[in-house]
Each structure stands twice: as C-alpha cells, then as structure tokens.
Amino acid sequence: MADDRSALERLLWAKIGPPLYYCAECLRTVKVTPVEGGEPIVKRACEHTGQIMAPRKAICVGKGGMSLPTRVKVAAMQVASAVTGRTV
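Here goes a summary of the coordinates provided. Quick caveat, the model's predicted, so the values are computed rather than measured. (Residues numbered from 1 in each chain as written. Predicted model: local features only at pLDDT ≥ 70, side-chain atom pairs only at ≥ 80, totals over all residues. Heavy atoms only, no water.)

**As for the side chain of Arg86**
Point 1. Within the fold, Arg86 resides in the segment after helix H2 (68-84).
Point 2. It turns out Arg86 is buried and unbridged, and the closest side chain with the opposite charge, Glu9, is 6.0 Å from it.
Point 3. Every residue in contact with Arg86, bar those within four places of it in the chain, is listed here: Glu9, Leu12, Trp13, Ile16, Gly17, Pro18, Pro19, Leu20, Thr29 and Ser81. (Helix = DSSP H or I, 4+ residues; strand = E, 2+ residues; numbered from the N terminus. Buried < 20%, exposed > 50% of the residue type's maximum accessible area, 1.4 Å probe, protein only. Lys, Arg positive; Asp, Glu negative; His and termini not counted. Salt bridge = Lys/Arg side-chain N within 4 Å of Asp/Glu carboxyl O. Contact = heavy atoms within 4.5 Å.)

In structure tokens form, the structure reads like this:
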C-alpha cells in the first residue's frame, strides 16, 4: 500500500484522526455524497478504483441507556466529526 498523502494530510491524520472516507490503496481523502434512492457520488483525489475505507467508532449502550456524561461525550465527538470531517 502506497502512502500518497501530503504532509498536511499526514499531520491531520496524526493529530485529529483519519478522514471519514479514504482510499484503501493510497490513504488519500475521498469525498462521498449520499444520493437518496441511488448510488452515492464519489470524488477521489487519486485515480484508484479500489475500496473506500470508512472508519467509525462504535458505541454500545446497554439496557439502561447512556449516562448524561457519556451522552455529552458522544455528542461532542459527533459535532467534532461534523466540523472537521474526520473521525474524532
């Protein structure tokens, strides 16, 4: 697997986290726009046609639900991901 990321992309990956979608072959960011009732629109900075990785953090909640501090932490992670476009 080649690492074709720029220095800025490497820095953001190390400091903030990986992008929401990236190319599995070169690790560069991929923009995916969902289309209701159809295939999503995929815009790549590279010419690869391989797999797109979508790392996510899973949060499992038991029968009792989440406590208030956990809910606040999850909401903050969701806002940070929406703002930065990266998995935080």
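**A word on the packing of aromatic side chains**
Point 1. In this structure the tally under the stated criterion is one aromatic pair.
Point 2. Ring centres of Trp13 and Tyr22 lie 4.8 Å apart, and the angle between their planes is 65°; on these two criteria the pair is classed as edge-to-face.
Point 3. Classification of Trp13 by relative accessible area gives partly exposed; the value is 22%.
Point 4. For Tyr22, a relative accessible area of 12% puts it in the buried group.
Point 5. Cation over ring: Arg5 sits above Trp13, and NZ or CZ is 4.5 Å from the ring centre. (Phe/Tyr/Trp six-rings, centres within 6.5 Å; stacked < 30°, edge-to-face > 60°. Lys NZ or Arg CZ within 6 Å of the ring centre and 35° of its normal.)

**Things to note about the environment of Gly64**
Point 1. Within the element layout of this structure, Gly64 appears in the loop between strand E4 (52-53) and H2.
Point 2. Expressed as a C-alpha distance, the spacing of Gly64 and His48, which sit 16 residues apart in the sequence, is 45 Å.

**Section: unusual backbone geometry**
Point 1. The phi dihedral of Leu27 falls on the positive side, at around 70°, and the residue is not glycine.
Point 2. With respect to the helices, strands and loops of the structure, Leu27 is situated in the loop between strand E1 (22-23) and strand E2 (30-33).

**Quick word on H2**
Point 1. Between its first and last C-alpha atoms H2 spans 24 Å; for 17 residues at 1.5 Å apiece the expected length is 24 Å, and the two agree.
Point 2. Of the residues trailing H2, Gly85 is marked for its positive phi of about 75°. (Expected span 1.5 Å × (residues − 1).)

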